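Topology and contacts: notes
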Amino acid sequence: MTRTIVLAAPRSFCAGVERAIEIVERLLAARPGPIYVRKQIVHNTSVVEHLQTRGAIFVDELDEVPEGSTVVFSAHGVAPAVHTAAEQRGLDVVDATCPLVTKVHQEARRYAARGHTVVLIGHAGHEEVEGTLGEAPEQTVQVSELAEVDELEVDGPISYLTQTTLAVDETTALIDALRNKFPGARGPDTADICYATTNRQAAVATIAEQAELVIVVGSANSSNSRRLVEVAQRTGTTAYLVDRATDVPVEWLEGVSVVGLTAGASAPPALVHAVIERIAELGPIRIVEHEVTRETLRFTLPPEVRH
Ligand code: SF4
């Protein structure tokens, strides 16, 4: 049997992740001292391990960074209080926050300045949500489920924002529920879900309809990767998340002739190639790619590493 691998496109790195990794790589090459990174630069085990071997030091909090050192803030963004703490410690900050996350922070500040209660649709505890919440903590309420929207009680003007890596279909349902309950609620029509998340979800839904099994490459703490698994599963196809090729057991592929393959926005393309090689060890393969759209977006680097 020749197995067909249907590759989703777009898949793997987005512009924000490429930018964040490049910032750390450029700093490692250009600055003599240690380069500290607060939290995982992007949510992917392989990326973090690779940068660690190059010398980057990952920390959870700023008090682990010696005063005066260079510290990079991750692609997920940070609350203003973290910027203030870095300033107080005399740290040299290079901010790798994705510009699309920065845009959501700006919206949060704008709504809060108008006196709105800001409903932030997103997963509690996720770094991006914590960062956005930190813009106006007294005026922001976080929700992630319809039941929480039902229970919301807000007086006065209300607006909403979303995490950038949510499932499009689920978020639309939450926004509809919010607007039904609070007809004056202001917010973006298509939510703040970013282009990369939207495109990868559209692509995985398409390949899932053709495949008997979908493999998503990405780490367990990657929100956009986990959403890809769920979107594939909602089409009725079995789907699994794997961190690397060795996580794919042979049993998954027994009797399966069409395998869908994609990767979250934080997962390197090399990991996808490794999964293809693993499948090829079991017998002949044929690769077809299903492209739903082509991405050309690039973000400029921050001035500290531009030259
Ligand atoms: Fe930016 Fe979207 Fe990529 Fe997150 S997934 S880094 S928001 S482009």
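Here the structure is shown first, and the text comes after it.
Residues numbered from 1 in each chain as written. Predicted model: local features only at pLDDT ≥ 70, side-chain atom pairs only at ≥ 80, totals over all residues. Heavy atoms only, no water.

1. A few points about the overall build of the chain
Secondary structure assignment for the chain yields 11 helices and 12 strands. Relative to the globule expectation of 19 Å for 307 residues, the C-alpha radius of gyration of the chain, 21 Å, shows essentially globular dimensions. For the chain, the spread of C-alpha atoms along the three principal axes comes to 60 × 55 × 30 Å. Sequence-distant contacts in the chain: of pairs separated by 6 or more residues, those separated by 24 or more amount to 76%. A total of about 13600 Å² of accessible surface is found on the chain, and carbon and sulfur atoms cover 49% of it. The chain carries 26 positive and 42 negative side-chain charges, and their two centres are separated by 6 Å. (Helix = DSSP H or I, 4+ residues; strand = E, 2+ residues; numbered from the N terminus. Rg over C-alpha atoms; globule rule 2.2 N^0.38 Å. Contact = heavy atoms within 4.5 Å. Areas by Shrake-Rupley, 256 points an atom, 1.4 Å probe, with all protein chains shown as cover. Lys, Arg positive; Asp, Glu negative; His and termini not counted. Charge placed at Lys NZ, Arg CZ, Asp CG, Glu CD.)

2. Observations concerning the environment of G260
Mapped onto the elements, G260 comes out in strand β11 (residues 258-263). Classification of G260 as buried rests on a relative accessible area of 0%. In this structure, the C-alpha to C-alpha distance between G260 and A208, residues 52 residues apart in sequence, is 6.3 Å. Ignoring anything within four residues of it in the chain, the contact list for G260 reads V6, I207, A211, L213, V214 and I215. (Buried < 20%, exposed > 50% of the residue type's maximum accessible area, 1.4 Å probe, protein only.)

3. What to know about helix α9 (residues 223-234)
For α9, with 12 residues, the first-to-last C-alpha span of 17 Å sits near the 16 Å given by 1.5 Å per residue. Of all the residues in α9, the buried ones are S223, N224, S225, R227, L228, V229, V231 and A232. Lining the buried residues of α9 we find α8 (195-210), β9 (213-217), β10 (238-242) and β11. Looking one or two residues beyond α9, the residue adopting positive phi is G236, at roughly 100°. (Expected span 1.5 Å × (residues − 1).)

4. Quick word on the site of the ligand
The environment of the ligand is formed by C14, G16, V17, C98, L100, T164, T165, C194 and Y195. Grouping the constituent residues of the shell around the ligand by class yields 6 nonpolar, 3 polar and no charged. There are two domains that each give the shell around the ligand at least three residues, and those are domain 2 (15-98) and domain 3 (100-193). (Near = heavy atom within 4 Å. Nonpolar A, V, L, I, M, F, W, Y, C, P; charged D, E, K, R; others polar. Domains from an automatic or database assignment.)

5. Considerations on the nonpolar core
One finds I23, V24, I41, L51 and V72 to be the most contacted residues of the largest nonpolar core, which totals 27 residues. Those elements giving two or more residues to this core turn out to be α1 (15-30), β2 (35-38) and α2 (45-53). Take this core: its biggest share by element is 7 residues, from α1. Residue contributions to this core reach at least three from each of two domains, namely domain 1 (3-13 + 195-291) and domain 2 (15-98). Setting aside anything within four residues of it in sequence, one finds V72 in contact with I23, V24, L27, I35, Y36, V37, R38, I41, V94 and A96. Listed in part, the 19 residues of the second largest apolar core include L213, V242, L261 and I279. (Core = buried A, V, L, I, M, F, W, Y, C linked by side-chain atoms within 4.5 Å.)

6. Considering the environment of L7
Within the element layout of this structure, L7 appears in strand β1 (residues 3-9). The contact partners of L7, leaving out residues within four places of it in the chain, are I207, L261, V272, I276, I287, V288, E289 and H290.

7. Considering the packing of aromatic side chains
By the definition in use, this model includes 1 aromatic pair. Measuring from centroid to centroid gives 3.9 Å for Y240 and W252, while their planes differ by 15°, and the two rings are stacked. With Y240 in strand β10 and W252 in helix α10 (residues 250-253), this residue pair connects regions lying 12 residues apart in the sequence. Given a relative accessible area of 31%, Y240 falls into the partly exposed group. Positioned over the ring face of Y111 is R110, at 5.3 Å from the centre of the ring. (Phe/Tyr/Trp six-rings, centres within 6.5 Å; stacked < 30°, edge-to-face > 60°. Lys NZ or Arg CZ within 6 Å of the ring centre and 35° of its normal.)

8. As for the sheet that holds strand β5 (residues 92-95)
The strand order β3-β2-β4-β5 describes an open sheet built from 4 strands, whose pairing is parallel. The open sheet is flanked by β3 (57-59) and β5, the only strands paired with a single partner. Between one strand axis and the next, the sheet turns through 30° on average, direction left out of account. As paired strands, strand β4 (residues 70-73) and β5 are joined by 4 bridges and run parallel to one another. The residue bridging V71 from the neighbouring strand is V93, located in β5. Packed onto the sheet, helix α3 (residues 80-88) meets β2, β4 and β5 and runs at close to 175° relative to β4. (Pairing = 2+ DSSP bridges. Axes fitted to C-alpha atoms, helices over the stretch in contact; angles between N-to-C directions.)

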